[in-house]
Amino acid sequence: MELLSEVQAMGLTKEGTPFDIGGQWKFGDFAKWCQHYDSEKREMFNGISRKRPRSVVAKTEYVTIAASVVGSSPVAVAKSEPMNDSSTTHKQGEDPKAKRRLLNLIHSRRKRERRRLEFEKLQAEAGKLMSEDHNLRDENKNLLVLLSQAKSIIGTLDE
């Protein structure tokens, strides 16, 4: 209970604090938070279409499946940020395999996002380097022309 008081002093509510330290937030609430977060992102980017492989299932379907496996009902979404790994123990009687699958799902999403951002960053850098290469090649051609002109002028002066 002392830890709960310290966490509440930092601004978290009892509803948003993990069950393990005296709060009311269980792992199932995390699945609901993920589903809510995903739906907010979908609404934000509603008009933007992007192609994806047919083998990829929509993110909300994963979260819905994970939430149904965990055994949580789709009620109000938790009011705080997600729990850390130390608060995801299976004291509440939830299926540890389902928790592991959900954590793997979340980890893989984050990893894909990191890779995508890194790929975009590298593509932009490659574009800049190709442009610089093109400019340097043009400058090299100009310098070679100037060099040949200088050699011809020097050749006429020697005669």
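Residues numbered from 1 in each chain as written. Predicted model: local features only at pLDDT ≥ 70, side-chain atom pairs only at ≥ 80, totals over all residues. Heavy atoms only, no water.

## Some words on the overall build of the protein chain
Stated formally: Here a helix means four or more residues in a row that DSSP labels H or I, a strand means two or more in a row labelled E, and each is numbered from the N terminus. Any two residues having at least one pair of non-hydrogen atoms within 4.5 Å are treated as being in contact. Reported accessibility uses the Shrake-Rupley method at a 1.4 Å probe radius. Residues are deemed covered only where the shown protein chains occlude them.
The helix and strand tally for the protein chain stands at 4 helices and 0 strands. Put simply, the protein chain runs from its N terminus to its C terminus through helices and strands in the order α-α-α-α. Residue pairs in contact within the protein chain that sit at least 24 positions apart in sequence constitute 64% of those at least 6 positions apart. With the model as given, the accessible surface of the protein chain reaches about 12,300 Å², and the carbon-plus-sulfur share is 56%.

## Some words on a positive patch on the surface
Note the threshold: Put simply, a patch holds well-exposed residues, over 30% relative accessible area, that have no salt bridge, with like charges counted together within 9 Å and Val, Leu, Ile, Met, Phe, Trp or Tyr side chains within 5 Å. Salt bridges are counted wherever a side-chain nitrogen of Lys or Arg sits within 4 Å of a carboxyl oxygen of Asp or Glu. Charged-residue counts in this description rest on Lys and Arg as positive and Asp and Glu as negative, His and the chain ends being excluded. Charged groups are reduced to one reference atom each: NZ for lysine, CZ for arginine, CG for aspartic acid, CD for glutamic acid.
A cluster of basic side chains, namely Arg 110, Lys 111, Arg 114 and Arg 115, defines a positive patch on the protein surface. Along the chain, Arg 114 falls in helix 4 (residues 96-158).

## Things to note about the pattern of salt bridges
Applicable threshold: Only protein chains enter the accessibility calculation, which uses a 1.4 Å probe; a residue whose area is less than 20% of its type maximum is buried, one above 50% is exposed, and one in between is partly exposed.
For the structure shown, the criterion picks out 4 salt bridges. Across the salt bridge formed by Arg 101 and Asp 95, the nearest N and O atoms sit 3.8 Å from each other. Its salt-bridge partner being Glu 120, residue Arg 116 comes within 2.6 Å of it at the nearest N-O pair. Here Arg 116 pairs with Glu 120, and both are found in helix 4, just 4 residues apart, close to one helical turn. For Arg 116, a relative accessible area of 37% puts it in the partly exposed group. Three or more residues joined by partner-sharing salt bridges are found here, namely Glu 113, Arg 116 and Glu 120.

## A few points about the nonpolar core
The following threshold applies: Among the buried residues, those of types Ala, Val, Leu, Ile, Met, Phe, Trp, Tyr and Cys that are joined through side-chain atoms within 4.5 Å form a nonpolar core.
Counting 8 residues, the largest nonpolar core is built from Trp 25, Phe 30, Ala 31, Trp 33, Cys 34, Leu 102, Leu 105 and Ile 106. Within the residue set of this core, elements represented by two or more residues are helix 2 (27-44) and helix 4. The element best represented in this core is helix 2, accounting for 4 residues.

## Here we look at the confidence of the model for the protein chain
The following threshold applies: Here pLDDT means the predictor's own confidence in every residue, given as a number from 0 to 100.
Taken over all residues, the pLDDT of the protein chain has a mean of 75, while the share at 70 or more is 69%. When pLDDT is averaged over each element of the protein chain, helix 4 comes out on top at 94 and helix 3 (residues 59-70) at the bottom at 47. Predicted confidence for residues 54-90 stays below pLDDT 50, and this span has 66 contacts to residues more than four positions away or in other chains.

## Concerning helix 4
Applied cut-off: Take the residue count of a helix, subtract one, and multiply by 1.5 Å to get its expected span. Here a polar contact is recorded for every N or O atom pair within 3.5 Å, except that within protein the pair must consist of a potential hydrogen donor and a potential acceptor, and residues adjacent in sequence are included only if both atoms are side-chain atoms.
With 63 residues, helix 4 ought to run about 93 Å at 1.5 Å a step, and its terminal C-alpha atoms sit 90 Å apart, in line with that. Within the sequence span of helix 4, burial applies to Ala 98, Lys 99, Leu 102, Leu 103, Leu 105, Ile 106 and Arg 109. Where helix 4 begins, one side-chain oxygen reaches toward the backbone nitrogen of Lys 97, 3.3 Å away; that side chain belongs to Asp 95.

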